[in-house]
Amino acid sequence: MKKSLIAAAIAAAALSPMAAMAQGAPAAAAAAAPTVGAKVFGPDGSEVGTVEAVQSGVVTVNTGTARAGLPTASFAMREKGLTIGMNKADLEAAVNGAKAESSAELATAFVADKPIKSSDGVVLGTVSKVEGEEVFVALNNGSVAQLKKSYFGLGADKSLTLGMTATAFNSQLQASAGGQPGADAQAAPSASAAATETPSGQ
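Model, not experiment: these values are computed from the prediction.

Participant: Whenever I open this one, the confidence of the model for the protein chain confuses me. Can you help?
Facilitator: Detailed reading of the predicted coordinates is not advisable wherever pLDDT falls low. Confidence along the protein chain averages 72 in pLDDT terms, with 71% of residues attaining 70 or more. Scored below 50 in pLDDT, residues 1-28 shows 83 contacts in the model against residues more than four places distant or in partner chains.

And the structure:
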């Protein structure tokens, strides 16, 4: 099984498909310019999936059960069409492996004094305490926000990260209980440095 993948963060406020990045395009093939809707094939000619999005040099491939963000350089044009260096099973295994690794890292990241960052990299505060699925964050303004573990992801630097900007977070705090201690900011999960499966039914 070819494992030429590295995890990559494809940031998104609304949880964009996260990525397993493949290194290197298939050898001896013409350069390719992936377009949305194009079919993607493996080195053996078998179908891998379709191009779902192309943004900032990252091509999101949907296999039907998983999404992977691959750099444009991973694609080549061969006889059947867009080709990458992995077949469907290998790509999905890499995506699932990266997801499991990220989930395990996230589960152990909730420790006291761990910095909490916004999606734009601003340190919002630190973990005060954790009770079950509730995370109490000591904010920079001296108040405490109570957030769900599900609101967090791991940033590229392995920091606990919320899927919203600092400005949006502070606005949400002010809108809920006037930013008083215990305000439950409804933050969405952030993108993490890993891959994720497509939710069933999508």
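Text resumes after the structure shown.
Participant: Sorry if this is basic, but what is going on with the packing of aromatic side chains here?
Facilitator: The geometry of two aromatic rings is summed up by the distance between their centres and the angle between their planes. Taken as a whole, this structure holds one aromatic pair when the rule is applied. With a centroid separation of 5.5 Å and 80 degrees between ring planes, the pair formed by Phe 110 and Phe 152 is classed as edge-to-face. With Phe 110 in the loop between helix H1 (88-107) and strand S10 (115-117) and Phe 152 in strand S14 (residues 152-154), the pair connects residues that are 42 residues apart, well separated along the chain. Just as Phe 110 is buried, Phe 152 falls in that class too. The ring of Phe 136 has Lys 129 lying over it, and the distance from NZ or CZ to the ring centre is 4.9 Å.

Participant: Mind showing me how you'd approach the pattern of salt bridges here?
Facilitator: If charged atoms from side chains of opposite charge come close, those side chains can pair. For the structure shown, the criterion picks out four salt bridges. Notably, a salt bridge pairs Glu 134 with Lys 148, separated by 2.4 Å at the nearest N-O pair. Linking Glu 134 in strand S12 (residues 134-139) with Lys 148 in strand S13 (residues 144-148), this pair joins segments that are 14 residues apart in sequence. The exposure class assigned to Glu 134 is buried, which follows from its relative accessible area of 14%.

Participant: Could you clarify how one ought to interpret the sheet that holds strand S11 (residues 123-131) in this entry?
Facilitator: Hydrogen bonds along the backbone pair up the strands of a sheet, which may run parallel or antiparallel. What the six strands build is an open sheet, ordered S13-S12-S11-S10-S15-S14; its pairing is mixed. Both edges of this open sheet fall to S13 and S14, since each of them pairs with a single strand only. Direction aside, neighbouring strands of the sheet carry axes that sit 40 degrees apart on average. Note: S10 against S11, three bridges, orientation antiparallel.

Participant: Can you help me understand unusual backbone geometry in this one?
Facilitator: Glycine aside, residues mostly have negative phi, and peptide bonds are mostly found in the trans state. For Ser 56, which is not glycine, the phi torsion reads 50 degrees and is therefore positive. Structurally, Ser 56 is set in the loop between strand S5 (47-55) and strand S6 (58-62). In the Ramachandran plot, Asp 113 falls in the positive-phi region, its phi being about 75 degrees despite a non-glycine side chain. Within the fold, Asp 113 resides in the loop between H1 and S10.

Criteria and cut-off values
Residues numbered from 1 in each chain as written. Predicted model: local features only at pLDDT ≥ 70, side-chain atom pairs only at ≥ 80, totals over all residues. Heavy atoms only, no water. pLDDT = per-residue confidence, 0-100. Contact = heavy atoms within 4.5 Å. Phe/Tyr/Trp six-rings, centres within 6.5 Å; stacked < 30°, edge-to-face > 60°. Helix = DSSP H or I, 4+ residues; strand = E, 2+ residues; numbered from the N terminus. Buried < 20%, exposed > 50% of the residue type's maximum accessible area, 1.4 Å probe, protein only. Lys NZ or Arg CZ within 6 Å of the ring centre and 35° of its normal. Salt bridge = Lys/Arg side-chain N within 4 Å of Asp/Glu carboxyl O. Pairing = 2+ DSSP bridges. Axes fitted to C-alpha atoms, helices over the stretch in contact; angles between N-to-C directions.

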